[in-house]
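# Architecture at a glance
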Amino acid sequence: MIKIGFETEIDTVRVAEILKEIARDKMGGWFNLPRRYDMGELVRIKEAAQKIQDESEVLVCIGIGGSYLGHRALIEALRPKSGTRIVYAGNSLSRRELEHALKVVGDRDFSINVISKSGTTLEPAIAFRAFRKKLIEKYGEEEAYSRIYATTDRKHGALHDEAVACKYGRFVVPDNIGGRYSVLTAVGLLPLAVAGVDIDKLLEGASDAAETAVEPAAKYATRRFELGSNGYDTEVFASFEPATAYFNEWLKQLYGESEGKAQSGVFPASVIYSTDLHSLGQFMQDGRRNLWETIIDYPTDELNAKVVTAVRRAHIAGGIPVLDIEVSSFDEKGFGELIYFFELSCAISAKLFGVNPFDQPGVEAYKDELARLME
């Protein structure tokens, strides 16, 4: 169970209204997902994962943003001891990164999981073209296509149409769940299962949180709104476990895309202690007091626990509001709880700020400019 180390009064009537709004929203499918997961799809995911493990040393996961951050965060944190190696591509337009990923795969047996609702997002489209070519050259067209798994729109889009025509393995990006809320769908569960993560325990943790995390999530959202409305415009997520750096990246996308609208919201940043105490520590202790710190307190060893206590005391004394979130366990169940807790608190928080948690209109601006430059 997720525990919070602070108290704040919540408007229970407003929170109840928000929860109803989320449940009714056309993009609120994640809200009840852990309790109503399609068991038939879960079986298909496990079967595909086993096939990939049996025939491939590497799975190339191609996607950007919510299509890769969540499952990469869990794989980096949990470091499963069995399973197929995951190589990531298609999350930038850097030629060097793409060439490096191709070299890492090298002559190894590999499969591809391309994750894109439309199939036209530039970064993954370029990477998929390169790895698809490599796959065909290595295995021939028929076997190559049997090694491609497309997680995409249920009915429409360039990738959907190609997957149907070429008979790729297909999984669905749900119509009612946006990318940054999708880690507990096939978007995240297939690569996680391939990597050796216990996805049953992950969903168990999320299901438990759906029953127990509403009040702490509402309190956290309310406290964020209070701070954000009183001059604190930056939230720094602080972890004391280096393996959770990518989980911090997922949090930054979750809150940045959900709240950063209409010149509103709180800017999400992150640090990994004790490492960053020797770089950003000075600013955190004595810099501008426009920020607060959210400490994600994972179960840890005795020495690291003392560092957590020391940092908390020093920063509070330095004038930084500190919010504590205590994670029950550093395993699949604990991360399942944590994912659902943050998704729920983020949606409530955005609603309190008066913005839609589930759209991202600003993301299209750079795409439009890039399209004009590439005409």
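Residues numbered from 1 in each chain as written. Predicted model: local features only at pLDDT ≥ 70, side-chain atom pairs only at ≥ 80, totals over all residues. Heavy atoms only, no water.

If you walk through the whole model with that rule in mind, you get one cavity of 30 Å³ or more. There is about 30 Å³ of room inside the largest cavity. Tallied by class, residues from the lining of the largest cavity come to four nonpolar, two polar and two charged. (1 Å grid on protein atoms, 1.4 Å probe; cavity = no way out; pocket = protein on both sides within 12 Å on 5 of 7 lines; lining within 4 Å. Points joined across faces, edges and corners; volume = space filled by probe spheres on them. Nonpolar A, V, L, I, M, F, W, Y, C, P; charged D, E, K, R; others polar.)

This part covers the packing of helix α4 (residues 95-105) against helix α5 (residues 122-139). Think of two packed helices as two axes; the pair is described by the angle between the axes and how far apart they sit. Running from N to C, α4 and α5 cross one another at 30°; their axes reach a closest spacing of 11 Å. If you check the angle between α4 and α5, you find them roughly parallel. Crossing of α4 over α5 shows right-handed handedness. Facing Leu98, Ala101, Leu102 and Val105 of α4, the residues of α5 in contact are Ile126, Ala127, Ala130, Phe131 and Lys134. In terms of residue class, the contact of α4 with α5 is built from eight nonpolar, no polar and one charged. (Axes fitted to C-alpha atoms, helices over the stretch in contact; angles between N-to-C directions. Helix = DSSP H or I, 4+ residues; strand = E, 2+ residues; numbered from the N terminus. Parallel < 35°, antiparallel > 145°, perpendicular 65-115°, else oblique. Left-handed = near helix turned anticlockwise from the far one by under 90°. Contact = heavy atoms within 4.5 Å.)

We now examine unusual backbone geometry. Cis rather than trans, the peptide bond between Tyr273 and Ser274 has omega equal to 10°. One non-glycine residue, Lys167, lies in the positive phi region at around 60°. In this fold, Lys167 is placed in the loop between α7 (158-166) and β6 (169-172). Here Gln263, not a glycine, exhibits a phi torsion of approximately 55°, which is positive. Within the fold, Gln263 resides in the loop between α11 (245-259) and β8 (267-272). On the accessibility criterion, Gln263 (84% relative accessible area) is exposed. (Buried < 20%, exposed > 50% of the residue type's maximum accessible area, 1.4 Å probe, protein only.)

Another aspect to go through is the pattern of salt bridges. Going through the model one piece at a time under the given rule, you end up with 26 salt bridges. The residue Lys219 makes a salt bridge to Glu7 at a minimum N-O spacing of 2.8 Å. A residue pair is termed long-range when its members are at least 10 positions apart, and Lys219 in helix α10 (residues 214-228) and Glu7 in the loop between β1 (3-4) and α1 (12-24) qualify at 212 residues. The class for Glu7 is exposed, based on a relative accessible area of 63%. A salt bridge links Asp175 to Lys117, with the shortest nitrogen-to-oxygen separation between them at 3.2 Å. Separated by 58 residues along the polypeptide, Asp175 in the loop between β6 and α8 (186-195) and Lys117 in the loop between β4 (110-115) and α5 bring together distant segments of the chain. Linked by salt bridges that have partners in common, Arg14, Glu17, Glu21 and Lys351 make up one network. (Salt bridge = Lys/Arg side-chain N within 4 Å of Asp/Glu carboxyl O.)

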